[in-house]
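# Structural overview for review
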Amino acid sequence: MQHTPWLLIDTETTGIRAPIHVVELGAQRMRGWEPEGAPFCRLLNHGVDIPPEAARVNGYTREILERDGEPPHTVYDAFAAYVGERPLVAYNLSYDLDQVLRPEWQRLGRASIGHTGFCALRLAQRLLDPVPAGNCKLQTLRQYYRLPARGAHTALGDVETTADLLQQVLRPLAEALGLTTWAALTAYTTATWFPSRLAFGKYKGRDFREAHQDSELHAWLTWLAASNNPRSAELGNWYLRQLDTAPAAAPTESVGIAPDGGDGSGVVLYRQLERKTLQDLIDAARIRLADLEAEYTQEHHAVDMVQVRLFAHLRPYYERRDQLRVIIDYRRKFLDVLLIAGEEEAETIKPEYEQARADTEHDYQEAAAEAEEQRDLSDTDKGELKKLYRRLVQLYHPDRYARDPAKQIMYECLTTAINQARDKGDIQLLREIANDPNEFLAQHGGGSLDFTEEKDLQKLQKLYDSLQMRILATLEALAQLRTTSNYELYRLSCMNADFLNEIAAQQIEDIQQEIAILEVAAQQLAEEIEGLQGSPVAF
């Protein structure tokens, strides 16, 4: 592997609907695990519109590409010269090469460039198994392993991040497994493989090796292997074959990789962990999870507060609009019944209208009451959140209660309450749970749970794995939050104090135009009803 030349690629596109056009192509020549020479990065102008959902992700519009892009043939001629005879590798090779580039080359009537290498995503999924158990999104792993920020959702930025991941995280794991040649890596990534933790069904989240002790799990895998569905049968048979060679307990010789636990970047490769080392990694993971949970709570609450302030501006206009919608809906129903069944039957519509109107008013009153309860988090609140989460993460150990259904229900109740408090920014509830979790459970009809520290090495390893998955899940939730339009509104309002007022004024203008149209429609229906029954409509 050390001297093998190959090419790392990534694309940004117009989306996932065919025909898919490449708008940015990034690449980096590699030799072994190291970048070699200057990267390749070009923008392509196909003269097509860019769907808004794609533009929000990669930032490219038709205007930008017409200004800065090049004709596709020009870009691909240069790319072919850059590639030479090197095999192509991408973080999601089947997408970038098979679904994007090759169909585009065929559409343009040009020969295919390069040849298939290995999929870096597949390599990450196998080497990092059972953590992160299926979540191998590139930017999530970048944050998890504290790799440099390279420009997410740009082709060249993702190429550089993939190179970082390969060098700093995947290389030491591959070499520890003896994958030191190009042929070995390629064979490893193309071999049939499934995650150690089951990804679906009644045993979702369980390690298949637990079937050594769990006869019901073993029977389920046997049933899966006998399925008439070829894919299900392949999966079940693969797990059963692994059980013949996989140890029943955690292997005495284990290899893994994790963040260094400090504030800087870096990873630690571990082999045959001692209890003290594993406990240190668990302590570091808990601190990081606590900090991430506090960060998510703060940002989620800040986004909600912007919506609260916007609601205060817009409520009377939205309420008037929704009242008119109810009036129009029930006047149409009244008119339909009047024409078919007469006035007496039409009168039965009025109580339905009154209830719908009352429900609308109640919804707005309830939303206003909730909004009034919201307040900005002070610096003191933010500081307390970190302290609270550092206590709350001590409660985190989902595997401990897996064999006791009653305690598992209690544990799920507790974690659900914590997550709901997190999303609402409810510091009081978080404080209540952190101060005495068993008292909280007792108040909600539960018993008590054991939160003492684990001593068994195998259980500590499970705890560490679950903490890593929770960290990844929280990173993913934070990343998802930051892609929402509400978060963008929050971000822009932080940059410009008047921005929220400007947005409110524009929305008020739009809603008023809608109200004007609805008022005309409501009046027309009232006049039609009055003309038919000879008296004004009562609503």
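So, here is what we can say about the structure in this document. As the structure is a computational prediction, the values presented were derived from the model and not from experiment.

It is worth spelling out the overall build of the protein at this point. Looking only at helices and strands, one finds 20 helices and eight strands in the protein. Based on the C-alpha atoms only, the size of the protein along its principal axes is roughly 90 × 70 × 55 Å. Counting all 539 residues of the protein, 45% fall into the buried class. Nonlocal contacts in the protein, meaning residues at least 24 apart in sequence, comprise 70% of its contacts between residues at least 6 apart. Here the protein has roughly 27,000 Å² of accessible surface; of this, 50% comes from carbon and sulfur atoms.

Time to look at helix α4 (residues 93–108). Most pronounced at L101, the bend in α4 amounts to some 30 degrees, and the proline P103 follows within four residues. Within α4, burial applies to L93, Y95, D96, L97, V100, L101, E104 and W105. Buried residues along α4 sit in contact with β1 (5–13), β2 (22–31), α3 (72–83), β5 (87–90) and β6 (115–119). Following α4 by one or two positions, G109 adopts a phi angle in the positive range, close to 75 degrees.

Moving on, we get to the packing of helix α11 (residues 275–341) against helix α15 (residues 405–424). For any two helices packed against each other, one specifies the crossing angle of their axes together with the interaxial distance. In the contact formed by α11 and α15, the axes pass within 7 Å of each other and the chain directions differ by 50 degrees. Our classification of the angle between α11 and α15 gives oblique. Across the interface between the two elements, E293, Y296, T297, H300, H301 and D304 of α11 pack against R422, D423 and K424 of α15. For the contact of α11 with α15, the per-class residue count stands at one nonpolar, three polar and five charged.

A word on a negative patch on the surface. A cluster of acidic side chains, namely D359, D363, E366, E370, E372 and E373, defines a negative patch on the protein surface. Look at E373 and you get exposed, because its relative accessible area is 67%.

Tracing the chain through its elements places D450 in the loop between α17 (437–443) and α18 (457–481). Judged by relative accessible area, which is 41%, D450 ranks as partly exposed. Each C-alpha atom of the pair D450 and A294 lies 24 Å from the other, and the pair is 156 residues apart in sequence.

As a further point, take the pairing of β2. Extensive coverage of β2 is indicated by the burial of eight of its 10 residues. One ladder, built from nine bridges, connects β1 with β2; its direction is antiparallel. By the bridge assignment, T11 is partnered in β2 with L25. Across four bridges, β2 lies against strand β4 (residues 40–43) in antiparallel orientation. Within the sheet, the bridge partner assigned to A27 lies in β4 and is F40. Bridge analysis of β2 against strand β3 (residues 34–35) gives two bridges, and the strand direction is antiparallel. Residue M30 lies in a different strand from β3, and its bridge partner there is P35. Linking β2 back to β3 in an antiparallel pair, the connection comprises two residues, with G32 at a positive phi of about 65 degrees.

The rules we used
Residues numbered from 1 in each chain as written. Predicted model: local features only at pLDDT ≥ 70, side-chain atom pairs only at ≥ 80, totals over all residues. Heavy atoms only, no water. Helix = DSSP H or I, 4+ residues; strand = E, 2+ residues; numbered from the N terminus. Buried < 20%, exposed > 50% of the residue type's maximum accessible area, 1.4 Å probe, protein only. Contact = heavy atoms within 4.5 Å. Areas by Shrake-Rupley, 256 points an atom, 1.4 Å probe, with all protein chains shown as cover. Bend = angle between axes of the 7 residues up to and from the residue. Axes fitted to C-alpha atoms, helices over the stretch in contact; angles between N-to-C directions. Parallel < 35°, antiparallel > 145°, perpendicular 65-115°, else oblique. Nonpolar A, V, L, I, M, F, W, Y, C, P; charged D, E, K, R; others polar. Patch = residues over 30% accessible without salt bridge, like charges linked within 9 Å, V, L, I, M, F, W, Y side chains within 5 Å. Salt bridge = Lys/Arg side-chain N within 4 Å of Asp/Glu carboxyl O. Lys, Arg positive; Asp, Glu negative; His and termini not counted. Charge placed at Lys NZ, Arg CZ, Asp CG, Glu CD. Pairing = 2+ DSSP bridges.

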